[in-house]
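Structure assessment
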Amino acid sequence: MVSKSSEEYLKTMYLLKKQSGNIRVTDIANKMNCTKPSVNKAIYNLKDNGLLNYESYGTIELTEEGENLAKKILEAYDIVYLFLKDVLNLEAEEAEKEAEKIKMAITDDTINKLAKYVHEVLGLSNLNCNYDINQEKCRSCVKRMSH
C-alpha cells in the first residue's frame, strides 16, 4: 500500500512516460513543483513497493503493477474531475485543482459510487455491472461502452 503522495508521483511518472517517452527526476520535480531530493525519496519508496525499476542516475521504468496502479489513479481523478466539471458545472481549471485534492482524500469505495453516479447522470453507460475501480476487466468494459 503506497501513500496518496506516492500515488501522485506515480501518476506524474506515467504521464511523463506517455508524453515524452522517458521519465527523469528533473521533469518530475518540475511538473510537481517539488525538490529533486523529494522525488528521489518517492522513487525509492515506489521501487521498494515493486512499482518501478530504477538504478541511481539510470532510467526510471514503471513495472506492470506500477503502470496498472497509475492508470487506476488517473481513472479515479477523471471520475472526480467529470463530476466537478460536468455535474457541478465548475470551470475546467478549478475542477482540475479540486479533483486533485478530492481524489487524494477519498476511498476506492467512494470512487466506485461516484463513478456509477457520474456515468448515470452524464448518460455515458450503465455501471450496474458491479463496477470496481480495482478490476481492470470492468474498467475496460466501461470504457468500451462509453466511446
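As shown above, the structure is provided for reference.
My aim in this report is to walk through the structure given alongside it, one point at a time. Treat the numbers as computed from the prediction; the structure is a model and nothing was measured. (Residues numbered from 1 in each chain as written. Predicted model: local features only at pLDDT ≥ 70, side-chain atom pairs only at ≥ 80, totals over all residues. Heavy atoms only, no water.)

1. Observations regarding the packing of helix H1 (residues 4–20) against helix H3 (residues 36–48)
Under the convention used in this document: Only the contacting stretch of a helix is used when fitting its axis, a line to C-alpha atoms as for every element, and angles between N-to-C directions run 0 to 180 degrees. Secondary structure elements are taken from DSSP: a helix is a run of H or I of four residues or more, a strand is a run of E of two residues or more, and numbering for both begins at the N terminus. Put simply, angles under 35 degrees are roughly parallel, angles over 145 are roughly antiparallel, angles from 65 to 115 are roughly perpendicular, and the rest are oblique. Contact criterion: two residues are considered in contact whenever any of their non-hydrogen atoms come within 4.5 Å of each other. Amino acid classes used here: Ala, Val, Leu, Ile, Met, Phe, Trp, Tyr, Cys and Pro are nonpolar; Asp, Glu, Lys and Arg are charged; the rest, including Gly, are polar.
At a minimum axis distance of 10 Å, the contact between H1 and H3 shows a crossing angle of 95°. When the axes of H1 and H3 are compared, the pair comes out roughly perpendicular. From H1, Ser 6, Tyr 9, Leu 10 and Met 13 reach across to H3, where they touch Ser 38, Val 39, Ala 42, Ile 43, Asn 45 and Leu 46. Looking at the contact of H1 with H3, its residues break down into seven nonpolar, three polar and no charged.

2. Comments concerning the side chain of Ser 6
Keep this limit in mind: With a 1.4 Å probe rolled over the protein chains alone, any residue whose accessible area is under 20% of its type maximum counts as buried; one over 50% counts as exposed, and the rest are partly exposed. Polar contact is defined as a pair of N or O atoms within 3.5 Å, subject to the rule that within protein one atom must be able to donate a hydrogen and the other to accept it, and that residues adjacent in sequence are counted only when both atoms are side-chain atoms.
Tracing the chain through its elements places Ser 6 in helix H1. Judged by its relative accessible area of 4%, Ser 6 falls in the buried class. Within the structure, the side chain of Ser 6 is placed 2.9 Å from the side chain of Asn 45, a separation counted as a polar contact. When neighbours within four sequence positions are excluded, Ser 6 is seen to be in contact with Asn 45 and Leu 46.

3. Let's talk about the side chain of Thr 63
Locating Thr 63 in the fold gives a position in the loop between strand E2 (60–62) and helix H4 (64–87). Given a relative accessible area of 16%, Thr 63 falls into the buried group. Looking at Thr 63, its side chain comes within polar contact range of the main-chain oxygen of Gly 50, at 2.8 Å.

4. Remarks on the pattern of salt bridges
Condition: Think of a salt bridge as a Lys or Arg side-chain nitrogen and an Asp or Glu carboxyl oxygen that are within 4 Å of each other.
Scanning the model with the defined rule gives 12 salt bridges in all. A salt bridge links Glu 8 to Lys 11, with the nearest nitrogen and oxygen atoms 3.3 Å apart. One end of the pair is Glu 8 and the other is Lys 11, both in helix H1 and three residues apart, which spans about a single turn. Judged on exposure class, the residue Glu 8 and its partner Lys 11 are both buried. Residue Glu 93 is joined to Lys 97 by a salt bridge in which the shortest nitrogen-to-oxygen separation is 3.6 Å. Placement of both Glu 93 and Lys 97 in helix H5 (residues 92–105) is noted, with a separation of four residues, approximately one turn of the helix. When salt bridges with common partners are traced through the structure, they connect Glu 8, Lys 11 and Glu 100 into a single cluster.

5. Points about the nonpolar core
Let me state the cut-off plainly: Buried Ala, Val, Leu, Ile, Met, Phe, Trp, Tyr and Cys residues that are joined via side-chain atoms within 4.5 Å together make up what is termed a nonpolar core.
Counting residues in hydrophobic clusters, the biggest one holds 23 residues, and the most contacted among them are Leu 10, Met 13, Ile 28, Ile 43, Leu 46, Leu 52 and Ile 60. Looking at this core, the elements that each hand over two or more residues are H1, helix H2 (25–32), H3, strand E1 (52–54), E2 and H4. Take this core: its biggest share by element is five residues, from H1. Once you skip the residues sitting within four places of it in the chain, Ile 28 turns out to touch Tyr 9, Thr 12, Met 13, Leu 16, Ile 23, Val 39 and Ile 60. Counting residues in each nonpolar core, the second largest holds 15 residues, with Ala 76, Tyr 81, Val 87 and Val 118 among its members.

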